[in-house]
Amino acid sequence: MRVILLGPPGAGKGTQAAAVKERYRIPHISTGDMLREHVKGGTELGRKAKEFMDGGKLVPDQLIIAMMEDRLSQGDCENGFLLDGFPRTVPQAEALDELLSRMGLQLDAVVLLEVADEVVVQRLSGRRVCRSCGAIYHVSFHPSSKGDLCEACGGDLYQRDDDREDVIRRRLSVYHEQTSPLEAYYDAKGLLRRVNGEGATDAVLRCLEGL
Ligand code: AP5
Ligand code: ZN
């Protein structure tokens, strides 16, 4: 199963990816998570990416494409993968097409999680993430039974630097301008599947089961 998860910030890509990864046992490749690891580790890429991320802007295509070429050629992607947060621009999608064709691989589906802007703002302003295992919570919609600690591993829950309302609104407008053209790009290839992101958190899994 080779799938791209597309959708605005806060659509639930990370949340739904967890269920898909468990069912299909394929790597969940999130460019946002990879970049946050680089920031945490203080790498050169992390230093370059941080200011774009904190401002809610996209990290330049050439940095992202180089990072993904490296990741996809690591050998664990031959039997499937779930891409979350990549591609995010038409040049990134074209670079991915080229890379997959070099590897002799084809995409099975591009699942678009649709969620209204105001729901995104509500979701992201209440999101909390586990510092140790990355589990995703929400103060009202999906609170941890252990309060400020992760239910799964006991780690600290924190709020992402880009989950402030002004930055959330910037991320949304960047999505509408730079990422939403990918809907037409993948629709033209017959790969796009629209899923309501305002319902259950296993909607993507159900969609993939029906392919
Ligand atoms: P990234 O980390 O990819 O952020 P994003 O796309 O903005 O997506 P999020 O992680 O914010 O949301 P999500 O859809 O995963 O939602 P979640 O499941 O957490 O990117 C961050 C930054 O990195 C970018 O701004 C950019 O700077 C850079 N970047 C990354 N990739 C790049 C690329 N390819 N090119 C250039 N730059 C790049 O859910 C959100 C909340 O809602 C949670 O609290 C959750 O509990 C709750 N929730 C989820 N589903 C439901 C539901 N069904 N009902 C109720 N609540 C729900
Ligand atoms: Zn945890």
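As annotated in an unreviewed UniProt entry, the protein is Adenylate kinase from Thermanaerovibrio acidaminovorans. According to the UniProt record, the Function (unreviewed entry) comment for the protein is "Catalyzes the reversible transfer of the terminal phosphate group between ATP and AMP. Plays an important role in cellular energy homeostasis and in adenine nucleotide metabolism."

1. Comments concerning the coordination of the zinc ion (ligand 2)
Within the protein, Cys130 (SG), Cys133 (SG), Cys150 (SG) and Cys153 (SG) serve as the donor atoms for the zinc ion (ligand 2), at 2.3 to 2.4 Å. Here the zinc ion (ligand 2) is ringed by four donor atoms whose angles at the metal span 96 to 116 degrees, and the overall shape comes out tetrahedral. Here the donor residues of the zinc ion (ligand 2) are spaced in sequence according to C-x2-C-x16-C-x2-C. According to the relative accessible area criterion, Cys150 is buried, its value standing at 0%.

2. Points about empty space enclosed by the protein
Taken as a whole and assessed by the stated rule, the structure comprises one cavity of 30 Å³ or more. Volume-wise, the largest cavity comes out at about 40 Å³. Along the walls of the largest cavity sit Ile65, Met68, Glu69, Phe86, Ala95, Leu96 and Leu99, which together make up its complete lining. Split by residue class, the lining of the largest cavity holds six nonpolar, no polar and one charged.

3. Here we look at the packing of helix α2 (residues 31–41) against helix α3 (residues 44–54)
Running from N to C, α2 and α3 point in directions that differ by 115 degrees, and their axes come no closer than 8 Å. Here α2 runs over α3; the crossing is left-handed. Contact residues: Gly32, Leu35, Arg36, His38 and Val39 in α2; Leu45, Gly46, Ala49, Lys50 and Met53 in α3. By residue class, the composition of the contact of α2 with α3 is five nonpolar, three polar and two charged.

4. Describing the pattern of salt bridges
In the structure shown here, the tally under the stated rule is 21 salt bridges. One salt bridge connects Glu209 with Arg23, and the closest N-O pair in it is separated by 2.2 Å. Highlighted residues: Glu209 in helix α9 (residues 203–209) and Arg23 in helix α1 (residues 13–24), separated in sequence by 186 residues. With a closest N to O distance of 3.9 Å, Lys40 and Glu37 form a salt bridge. Here the residue Lys40 and the residue Glu37 both occupy positions in helix α2, the gap between them amounting to three residues, near one helical turn. In this pair, the class of Lys40 matches that of Glu37, namely exposed. Residues joined by salt bridges that share partners form a network here, namely Arg127, Arg160, Asp162, Asp163 and Arg171.

Reading guide: rules and limits
- Residues numbered from 1 in each chain as written.
- Chains lettered and ligands numbered in written order.
- Predicted model: local features only at pLDDT ≥ 70, side-chain atom pairs only at ≥ 80, totals over all residues.
- Heavy atoms only, no water.
- UniProt positions renumbered as here; feature names shortened; annotations may be inferred.
- Donors = N, O, S within 2.8 Å, 3.2 Å for Na, K, Ca; no water.
- Tetrahedral: all angles 85-135°; square planar, octahedral: opposite > 155°, others 65-115°.
- Buried < 20%, exposed > 50% of the residue type's maximum accessible area, 1.4 Å probe, protein only.
- 1 Å grid on protein atoms, 1.4 Å probe; cavity = no way out; pocket = protein on both sides within 12 Å on 5 of 7 lines; lining within 4 Å.
- Points joined across faces, edges and corners; volume = space filled by probe spheres on them.
- Nonpolar A, V, L, I, M, F, W, Y, C, P; charged D, E, K, R; others polar.
- Axes fitted to C-alpha atoms, helices over the stretch in contact; angles between N-to-C directions.
- Helix = DSSP H or I, 4+ residues; strand = E, 2+ residues; numbered from the N terminus.
- Left-handed = near helix turned anticlockwise from the far one by under 90°.
- Contact = heavy atoms within 4.5 Å.
- Salt bridge = Lys/Arg side-chain N within 4 Å of Asp/Glu carboxyl O.

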